[in-house]
Amino acid sequence: MQMKVIICIGSSCHLKGSRQIVERLQALVQEKGLEDKVELGGTFCMGDCVNGVNVTVDGVKHSVSPETVDEFFEKEVLAKVQ
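Note that the structure is a prediction, hence the values are computed from the model and not measured.

Engineer: I'm lost on the pattern of salt bridges in this one. Help?
Structural biologist: Oppositely charged side chains can form a pair if their charged atoms are brought close together. Taken as a whole and assessed by the stated rule, the structure comprises seven salt bridges. For the salt bridge of Glu39 with Lys4, the shortest nitrogen-to-oxygen distance reads 3.4 Å. With Glu39 in strand 2 (residues 38-43) and Lys4 in strand 1 (residues 3-8), the pair connects residues that are 35 residues apart, well separated along the chain. Accessibility expressed as a relative area gives 32% for Glu39, which makes it partly exposed. Ionic pairing is found between Glu76 and Lys80, a salt bridge with its closest N-O pair at 2.7 Å. Of this pair, Glu76 and Lys80 both sit in helix 3 (residues 69-81), four residues apart, which is roughly one turn of the helix. On the accessibility criterion, Glu76 (17% relative accessible area) is buried. Judged by its relative accessible area of 52%, Lys80 falls in the exposed class. Put simply, Arg24, Glu31 and Asp70 are held in one network by salt bridges that share partners.

Definitions and limits used
- The residue numbering used here restarts from 1 in each chain and proceeds along that chain's sequence as written.
- Given that this is a predicted model, residues contribute local features only at a pLDDT of at least 70 and side-chain atom pairs are listed and counted only at 80 or more, while totals for whole chains, interfaces and linings are drawn from all residues.
- Just so you know, side-chain values use all the structure's heavy atoms and leave hydrogens and water out.
- Criterion for a salt bridge: a side-chain nitrogen of Lys or Arg within 4 Å of a carboxyl oxygen of Asp or Glu.
- Only DSSP runs of H or I with at least four residues qualify as helices, and only runs of E with at least two residues qualify as strands; both kinds are numbered from the N terminus onward.
- Note on exposure labels: buried denotes an accessible area under 20% of the residue type's maximum, exposed denotes more than 50%, and partly exposed covers the range between, all computed with a 1.4 Å probe on protein chains only.

Take a look at the structure:
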């Protein structure tokens with residue numbers, strides 16, 4: 001079963017760096033060879049703009065920034081798919 005990682009690309013999260021987060025997550029998934037285990041997607045406003053950039057992993061919401069995306073990936077994605 002694939003893990004679903006959904007990144008908010010609404011205007012508030014976009015301003016907080018969602019594009020960089022999407023690009024970094026895509027790169028990390030490819031680097032680790034997880035294309036068949038992790039599905040990345042985007043969605044518009046998750047209704048939690050104050051805590052953006054909002055990212056859900058299998059429905060569980062996290063607050064991620066371009067500075068914390070690598071740590072987030074290791075803890076919430078990599079650790080759970082290997």
